[in-house]
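Summary of structural features
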Amino acid sequence: MSLSTETKRFFEKVASKNFRLACNVYHALVSGQDITPEVRGQIREALRIAG
């Protein structure tokens, strides 16, 4: 999957602070898995870190 420049920057910011979180969020988004409350919390945390 090719990522846009903005998406790459987002994941680079998150990965620089929490690599595992970045991997978990990326996997959840590209795999199409159900968004459970746990995954939703990880996405919110990633957005907080990147913001």
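These lines cover the structure that appears in this document, whether it is placed above or below. Since this is a predicted model, take the numbers as computed values, not measurements.

**Description of the nonpolar core**
Judged by nonpolar contacts, Phe 11, Val 14, Leu 21, Ala 22, Val 25, Ala 46, Ile 49 and Ala 50 together constitute the single largest core of 8 residues. Of all the elements in the fold, those that place two or more residues in this core are helix H1 (5-17), helix H2 (19-31) and helix H3 (37-50). Setting aside anything within four residues of it in sequence, one finds Ala 46 in contact with Phe 10, Val 14, Leu 21 and Val 25.

**Overview of the packing of H2 against H3**
Where H2 meets H3, the closest approach of the two axes is 10 Å, and the angle between their N-to-C directions is 125°. With respect to their mutual orientation, H2 and H3 come out oblique. You can see that H2 and H3 cross each other, and the crossing is left-handed. In this structure, H2 uses Leu 21, Asn 24, Val 25, Ala 28 and Leu 29 to contact H3, whose residues at the interface are Val 39, Gln 42, Ile 43, Glu 45, Ala 46 and Ile 49. Considered class by class, the residues forming the contact of H2 with H3 number 8 nonpolar, 2 polar and 1 charged.

**Let's talk about the pattern of salt bridges**
Enumeration according to the criterion identifies 1 salt bridge in this entry. A salt bridge links Glu 45 to Arg 48; the nearest nitrogen and oxygen atoms lie 2.6 Å apart. Of the two residues, Glu 45 and Arg 48 both sit in helix H3, 3 residues apart, roughly one turn of that helix. When its relative accessible area of 56% is taken as the criterion, Arg 48 is described as exposed.

**Observations regarding the packing of aromatic side chains**
Tallied over the entire structure, the rule returns 2 aromatic pairs. On the numbers, 5.0 Å between centres and 80° between planes, the contact of Phe 10 with Phe 11 is edge-to-face. Judged by centre distance (5.5 Å) and plane angle (85°), the rings of Phe 11 and Tyr 26 are edge-to-face. Of the two residues, Phe 11 sits in helix H1 while Tyr 26 sits in helix H2, which places them 15 residues apart along the sequence. What links up through ring pairs into an aromatic cluster is the set Phe 10, Phe 11 and Tyr 26.

Parameters and conventions
Here the residue numbering is sequential within each chain, running from 1 through the sequence in written order. With pLDDT at 70 or above as the cut-off, local features in this predicted model cover only qualifying residues; side-chain atom pairs require 80 or more to be listed or tallied, and sums for whole chains, interfaces and linings still use all residues. The side-chain figures draw on all heavy atoms in the structure; neither hydrogens nor water molecules are used. By nonpolar core is meant a set of buried Ala, Val, Leu, Ile, Met, Phe, Trp, Tyr and Cys residues that side-chain atoms within 4.5 Å join together. With a 1.4 Å probe rolled over the protein chains alone, any residue whose accessible area is under 20% of its type maximum counts as buried; one over 50% counts as exposed, and the rest are partly exposed. In this text, helices come from DSSP runs of H or I with a minimum length of four residues, and strands from runs of E with a minimum of two, each type numbered from the N-terminal end. Only heavy atoms matter for contacts: two residues are in contact if any of them lie within 4.5 Å across the pair. Lines fitted to the C-alpha atoms define the axes, with helices restricted to the stretch that makes contact. Angles between their N-to-C directions range from 0 to 180 degrees. Angles below 35 degrees are treated as roughly parallel, those above 145 as roughly antiparallel, those between 65 and 115 as roughly perpendicular, and all remaining angles as oblique. Here is the rule for handedness: rotate from the far helix to the near one, and if that takes an anticlockwise turn smaller than a right angle the crossing is left-handed, while a clockwise turn gives right-handed. Any residue outside Ala, Val, Leu, Ile, Met, Phe, Trp, Tyr, Cys, Pro, Asp, Glu, Lys and Arg is labelled polar, Gly included; the first ten of those are nonpolar and the last four are charged. By definition, a salt bridge exists where a carboxyl oxygen of Asp or Glu is found within 4 Å of a side-chain nitrogen of Lys or Arg. Two aromatic rings, drawn from Phe, Tyr or Trp (for Trp, its six-membered ring), form a pair once their centres lie within 6.5 Å of each other, and the interplanar angle then sorts them: stacked below 30 degrees, edge-to-face above 60, tilted otherwise.

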